[in-house]
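Report on the structure
Take a look at the letters that make up each chain.
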Amino acid sequence: MADDDNSPPDETHPRVVSSSRSRLPAASPYGNVQIECRTLSIQVYDSHNADTRGNASEEIKGTAAGKNRDDHDYFAKLNFHELTVAQICQQLNVAQDRGLSESSAANRLRRDGRNTLPKAKTNYLRRILGYVFGGFCSILWVGVIIFFLCWRPLSDPPSATNLALAILVIIVIMLQASFSAFQDWSTQRTMKSITGLLPSETLVLRDGSMKRMPATELVAGDIVHLQLGNKVPADLRLLSDSGDIRFDRAILTREADEVEGAVDMTDANFLESRNIALMGTMVVNGSGVGMVILTGHRSVMGRIAQATAGVGERPTLIQKEIWRFVRIIICFTIALALLILLTWVGWLRPDHPGYMNLVAMLNNVMGCVVAFIPEGMPVGVALTLMMIARRMKSANILSKGLPVVETLGCVDVICSDKTGTLTQNQMHVNSAAFVDKQFPSPDDVYAELPVHASNDRSVRGQSIVKLHQAASLCNDATFDPTSLHLPLRERVVQGNATDAAVLRFCAAGDKLDSFRGLGPSTRVFEIPFNSNNKWMLTMFRIAQADTTVSEAKAGGQYQVFVKGAPDVLLPACSSYWSGESNTVVPLDAAARSAFKAYQDKLSRNAERVIVLCEKLMAPSHPPGSNAFSEEVANNAIVDLTVIGILGITDPPRAETASTVAECCRAGIRFFMVTGDYGLTAAAIARDIGIFTSCAEPDTFVTIHTNLGKSTASEARRIRLSGDCRSLLLEGPSVAQLTPADWDRVCEYDEIVFARTTPEQKLRIVNEFRQRDNVVAVTGDGVNDSPALRAADVGVAIVTSSDVAIEAADLVLLDKFDSIVDAVRLGRLVFQNLQKVIAYLLPAGSWSEICPVLVNVFLGVPLSLSSFLMIIICVFTDLFLSLSLIMEKEEFDLLSLPPRNHKRDHLITGRIYIQAYLFTGFMETCCAHAMFFLYMYKHAGLPIRDLFFLFEGYAEGFYGYTAAELAAFNATGQCVYFITLVILQWGNVLSVRNRRLSILQADPFTPKRRNPWLVFSMAISLAIAVFVTEVPGIQDLFGTASVPIEFWFLPLPLALGILTMDETRKLAVRVFPNGPLARIAW
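These figures come from a predicted structure and were not determined experimentally. (Residues numbered from 1 in each chain as written. Predicted model: local features only at pLDDT ≥ 70, side-chain atom pairs only at ≥ 80, totals over all residues. Heavy atoms only, no water.)

1. Overview of the overall build of the chain
Formally: By definition, any uninterrupted DSSP run of H or I lasting at least four residues is a helix, any uninterrupted run of E lasting at least two residues is a strand, and each is numbered from the N terminus. Partly exposed describes any residue whose relative accessible area lies between the buried limit of under 20% and the exposed limit of over 50%, with all areas from a 1.4 Å probe on protein chains only and scaled to the type maximum. Any two residues whose heavy atoms approach within 4.5 Å are treated as being in contact. Using a 1.4 Å probe, the Shrake-Rupley method yields the accessible areas, and only the shown protein chains count as cover for residues.
From N to C terminus, the chain includes 39 helices and 28 strands. For the chain, buried positions account for 57% of its 1081 residues. Expressed as a percentage of contacts within the chain between residues at least 6 apart in sequence, the contacts between residues at least 24 apart total 77%. As displayed, the chain has an accessible area near 42700 Å², and 58% of this comes from carbon and sulfur atoms.

Encoded structure:
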């Protein structure tokens, strides 16, 4: 969620937005390292600031409860950076001039272990076992064992059918495991290898002499000498340096700016203090001596390696739903299997000993298992997610994980950054002013700019020249040389958007020779912009020809320009350049009021305000040394002179307002999280529809003053009643919010978080998630990566930094409004999964378990074999369920509120009623009717004589031999099977529309066309013919050819099921508050 105030300064080459995936930048090979390092640093800051947050700190500490030696607690307690050189030597028991002795080092090496990073090892055996034995497969393996036992030794002679069934179930298990493995492979991010970060050898002081030794043998207390080009072999506490030592921490932070080393502590945060050299960083300038304080897994890099290797992915909402369904089905399956077993032991075996032997009982138990478990569901779920992900890709949305697709359907809060996401990131200067003089437009500034200010010794025009000079020189943007021939607005700028806007403002004056005495060639020092300071500084050696500085002051002094946020710089200013008198005058209270009034005016006009300041400095230390850098940094924001004020506009994207409106229509609360000034953010929020009320939004003061008058539950009731309320919170206030405050904040409909730091962004996300909100976060900078990963769905733009893309779950490859398509598809995947399950359960579960129950408790010959049950679940129903995956949305899914992941489950009681008591009951009755019709018509066995028959269905029954009765039963089972296959055609036509009639949404008209439906019906029919008509299958699995009339009789029955469901839908539409509507799925 980085905007201009938070964007990393090194991102100076903006990428061109493209819908082509090929433009997507490759993720950094150390992306996870940078994310973890930034997260740890934020958490350490939180730990240090806990005492100043009052009760809010308890909320932060609570999140770490139960974790033993959490990483951020571990680093927050380290004090190596706080100790003096003498103290650190005393603590680690080492002499600075001699180093450790070999014996002492050997003892420490045995105690602490080698200085190596923990490797991320994948337990492939455990993962494969999870694929093969997890979920439904655990129960199916029980079936495999039972079928093998029924093959031999329980059957004499061995039963080839049971052997074939065992092999078939193994094939089913392998099929499910293969799809699970493929889905896991497609969603698993590649772990980033960081084992090659250590140098092979390093220079160490041991026993008073220097020696080269493997870095893996370093121990705490070793004194290491660092030279230019060295890679830091362990976490070191610097003891001395050359005065200009610098480290490249890009491996940890991705920020390319070099970090100066120091001997004394520079930051209370161990991870940020510059007297700590971190393992894996590179010495890019100077030299130094450091003492090893942390090695191997105890180092920062080691801790990060453990975090990235040992923490598993958080299960997504759809994964939780599927596991919930698996648990329910397994419980039902075990209960029914035990019921059959106990019934056989307690009743059938003693009262009907000749009816069901042990093998037959076990076959019935396994028939129960096979019947109740929808074996095709895991495959259907995996393919559903894959198809939706493919649709998202065609909509220019790259999903890095299949399960996260569905999570989008539950998102009820979107926290979006501003610049580059909601706005075009094409800034231009719209206003310019001095403290006491405002210009109607930038053109008026150009008009007053002297042509040759460098030769103009008069007072006139000095303030304009100084404004132009500061704007140009306190700037890191440059024009691409290849585009200099183009008009100004068309030139390509290398640099961030703010600097680019100021550069174009300067170039429009076309009088850059007015400060030729100063320029990039004389820049001696700079402090880049960062998201915490919110200002940048440039320092120049003063040329004698410069007209804006007196010759008396020029000797030994440097011109310093500072550009940044007014709320940070204005308190440090003591004077200002007057546009009226062209002189520097004191910044009194009246001038400060005028400045604040103008700032608020620009902010209400949605302009981002920056202030340009200057001062002269005469550092006592030589340029290029660390002491010089520290001296400048410590004295930079003191006694500044305000030069001028610039108002910068960044127009919203054309699609932003409609995107916000669509999200709000979908029941999603859309919040802005930005580093901009509060009034600026509020103005932009009104322009794009985040703030819809004309009234002033509530603030931090409102939260506190109303705390005793309005509880969180009352605030929620107000929100759900449709009373829209707005809130504007700025960063300093966020840190002061207590848990009770957050309870109320999280109930606002419209929120803008302004002037936020990356630490506060992460906290905002966590606070909303802790209150059962499903949060999506958009971000593009390195500092956003912890918030992106902490969110339920992290969304990056294609122009984001590599680390942000690494942390995100989704990448928008084109326009921001594609997030609306992503939400729609996320809801569609859940709806289609419900349709798939509602289709699979009637035949793949209910209509298969009933033959087993009727056989066990009513003594009717088994009307469906275990083999045919498996064929229905894994083959015939699977292809038809895949056609449901291709269904388009039945109605406008954005008109519905987000799914409540704690209440609206994938499988609900309403779906069970539809699948079992409505469709399943009709299919079971129809299939049994066809079975009994065949037995009566072709075998002459009336239905009344088949009930409670038990062991009576044997040799001599109605004069038939046992072989003839077995043949009749086998054919009857195939009739039941064929009937179910055809009845499912009516079922699939019913469940594809939950509310609409088939006349309103038939599968042939363009709006809801689904050619896969007819194709899948043809495949299921072909499978049915193959299973029942192929002689080899008949001999092996006991199937038989079905009389021709029983291929056609089920067709009107399938139409009857469709008609009954159409009648149900009509009743629901006509009586939306009636009893049928209340139980409709």
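2. A look at the packing of helix α11 (residues 317-351) against helix α12 (residues 358-372)
This is how it is decided: Note on geometry: axes are lines fitted to C-alpha atoms, helical ones only across the stretch in contact, with angles between N-to-C directions running from 0 to 180 degrees. Comment on the angle field: the value is read as roughly parallel under 35 degrees, roughly antiparallel over 145, roughly perpendicular from 65 to 115, and oblique elsewhere. In a left-handed crossing the near helix is turned counterclockwise from the far helix by less than a right angle, and in a right-handed crossing that turn is clockwise.
Packing of α11 against α12 leaves a shortest axis separation of 9 Å and a crossing angle of 160°. As far as their axial angle goes, α12 and α11 are roughly antiparallel. The chirality of how α11 crosses α12 is right-handed. Contact with α11, carried on its side by I329, F332, T333, L336, A337, I340, L341 and W344, involves L358, M361, N364, V365, C368, V369 and F372 of α12 and no other residues of that element.

3. Looking at the sheet that holds strand β23 (residues 669-673)
Note: strands within a sheet are paired through backbone hydrogen bonds, in either parallel or antiparallel orientation. Test applied: Any two strands between which DSSP finds at least two bridges are classified as paired.
The eight strands are arranged β10-β28-β27-β26-β11-β23-β25-β24 in an open sheet whose pairing can be described as mixed. Strand pairing shows two members of the sheet lacking a second neighbour, β10 (397-399) and β24 (726-730), which therefore form its edges. Neighbour-to-neighbour, the strand axes of the sheet open up by a mean angle of 20°, direction not taken into account.

4. Overview of the environment of L383
Assignment of secondary structure puts L383 in helix α13 (residues 377-394). For L383, a relative accessible area of 18% gives the class buried. Setting aside chain neighbours within four positions, we find L383 in contact with F179, L882 and I885.

5. Considerations on the state of the cysteines
Convention followed: Only a pair of cysteine sulfur atoms within 2.5 Å counts as a disulfide in this structure description.
A complete count under the given rule lists zero disulfides for this structure. Free cysteine C663: the closest other cysteine sulfur is in C664, separated by 6.9 Å.

6. A few points about the pairing of strand β21 (residues 608-617)
Within β21, nine of the ten residues are buried, which leaves the element mostly enclosed by the surrounding structure. In this sheet, β21 lies alongside strand β18 (residues 558-564) in antiparallel orientation, the contact comprising seven bridges. By the bridge assignment, Q559 is partnered in β21 with L616. In the sheet, β21 pairs with strand β22 (residues 640-649) via seven bridges, with the strands oriented antiparallel. What sits directly across from L612, in β22, is G644.

7. Side note on the packing of aromatic side chains
Where we set the bar: Side-chain rings of Phe, Tyr and Trp (the six-membered ring for Trp) are treated as a pair once their centres are within 6.5 Å; stacked means planes under 30 degrees apart, edge-to-face means over 60, and tilted covers the remaining angles.
Taken as a whole and judged by the stated rule, the model has 21 aromatic pairs. With 5.9 Å between their ring centres and 75° between their planes, Y934 and F1046 make a pair best called edge-to-face. Pair noted here: Y934 is in helix α33 (residues 909-939) and F1046 is in the loop between α37 (1031-1037) and α38 (1050-1070), with a separation of 112 residues, a long-range link. By the burial criterion, Y934 is buried, and F1046 matches it. An aromatic cluster of at least three residues, connected via ring pairs, comprises W347, Y355 and F950.

8. Some points on the nonpolar core
Heads up, the condition is: As used in this record, nonpolar core signifies buried Ala, Val, Leu, Ile, Met, Phe, Trp, Tyr and Cys residues forming a set joined through side-chain atoms within 4.5 Å.
Counting 176 residues, the largest nonpolar core has F325, M392, M672, I690, F867, L906 and F977 as the members making the most contacts within it. It is helix α31 (residues 818-858) that contributes the most residues to this core, 21 residues altogether. The contacts of F867, once residues within four sequence positions are left out, are L165, L168, V1027, I1033, F1037 and T1039.

9. Notes on α12
Quick note on the threshold: A helix's residues, less one, multiplied by 1.5 Å, set its expected span.
Taking 1.5 Å as the rise per residue, α12 with 15 residues should run 21 Å; its terminal C-alpha atoms sit 21 Å apart, in good agreement. Summarising burial for α12: twelve of the 15 residues are buried, a large majority. Of the residues making up α12, those classed as buried are V359, M361, L362, N364, V365, M366, G367, C368, V369, V370, A371 and F372.

10. Section: the environment of D784
Inspection of the secondary structure assignment puts D784 in the loop between β26 (775-779) and α29 (785-790). Of the residues examined, D784 reaches a relative accessible area of 1% and is grouped as buried. When the C-alpha positions of D784 and L762 are compared, they lie 7.9 Å apart, and in sequence the two are 22 residues distant.

11. A look at the side chain of T876
For T876, the location among the structural elements is in helix α32 (residues 866-885). Judged by relative accessible area, T876 falls into the buried class, the value being 2%. Discounting residues that sit within four places of it in the chain, T876 has contacts with Y839, I871, F977, V981, S1020 and I1023.

12. Quick word on the sheet that holds strand β3 (residues 223-226)
Strand order in this open sheet of six strands is β2-β1-β3-β9-β4-β7, and the pairing throughout is antiparallel. Only two strands of the sheet have a single partner each, and these edge strands are β2 (209-214) and β7 (276-277). Relative to β2, strand β1 (residues 201-206) is paired through six bridges, and the arrangement is antiparallel. Note on β2: the bridge partner recorded for T202 is M213.

13. Thoughts on unusual backbone geometry
Here the amide bond leading from R152 into P153 is cis, since omega sits at 15°, within 30 degrees of zero. Positionally, P153 belongs in the loop between α7 (137-151) and α8 (160-187). Cis geometry marks the peptide bond from D156 to P157, where omega comes out at 5°. Relative to the helices and strands, P157 is located in the loop between α7 and α8. Not every positive phi belongs to a glycine, and D639 is a case in point at roughly 55°. With respect to the helices and strands, the residue D639 is situated in the loop between α21 (626-635) and β22. With phi around 65°, D772 is a residue other than glycine that occupies positive phi space. Its place among the elements puts D772 in the loop between α28 (758-770) and β26. We classify D772 as partly exposed; its relative accessible area is 42%.

14. What about a nonpolar patch on the surface?
Definition in use: Each patch is assembled from residues with relative accessible area greater than 30% and no salt bridge, linking like charges that lie within 9 Å and nonpolar side chains (Val, Leu, Ile, Met, Phe, Trp, Tyr) that lie within 5 Å. Salt bridges are counted wherever a side-chain nitrogen of Lys or Arg sits within 4 Å of a carboxyl oxygen of Asp or Glu.
On the surface, I334, L338, L341, L342 and V345 cluster together to form a nonpolar patch covering roughly 440 Å² of accessible area. Here L338 lies in helix α11.

15. Considering the packing of α12 against α32
What counts is decided by this rule: Charged means Asp, Glu, Lys or Arg here, nonpolar means Ala, Val, Leu, Ile, Met, Phe, Trp, Tyr, Cys or Pro, and polar covers whatever is left, Gly included.
With their axes 9 Å apart at the nearest point, α12 and α32 run at an angle of 10° to one another. Taken together, the axes of α12 and α32 are roughly parallel relative to one another. On the side of α12, the interface is formed by N363, M366, G367, V370 and A371, while α32 contributes S866, M869, I870 and C873. Looking at the contact of α12 with α32 residue by residue, the class counts come to six nonpolar, three polar and no charged.

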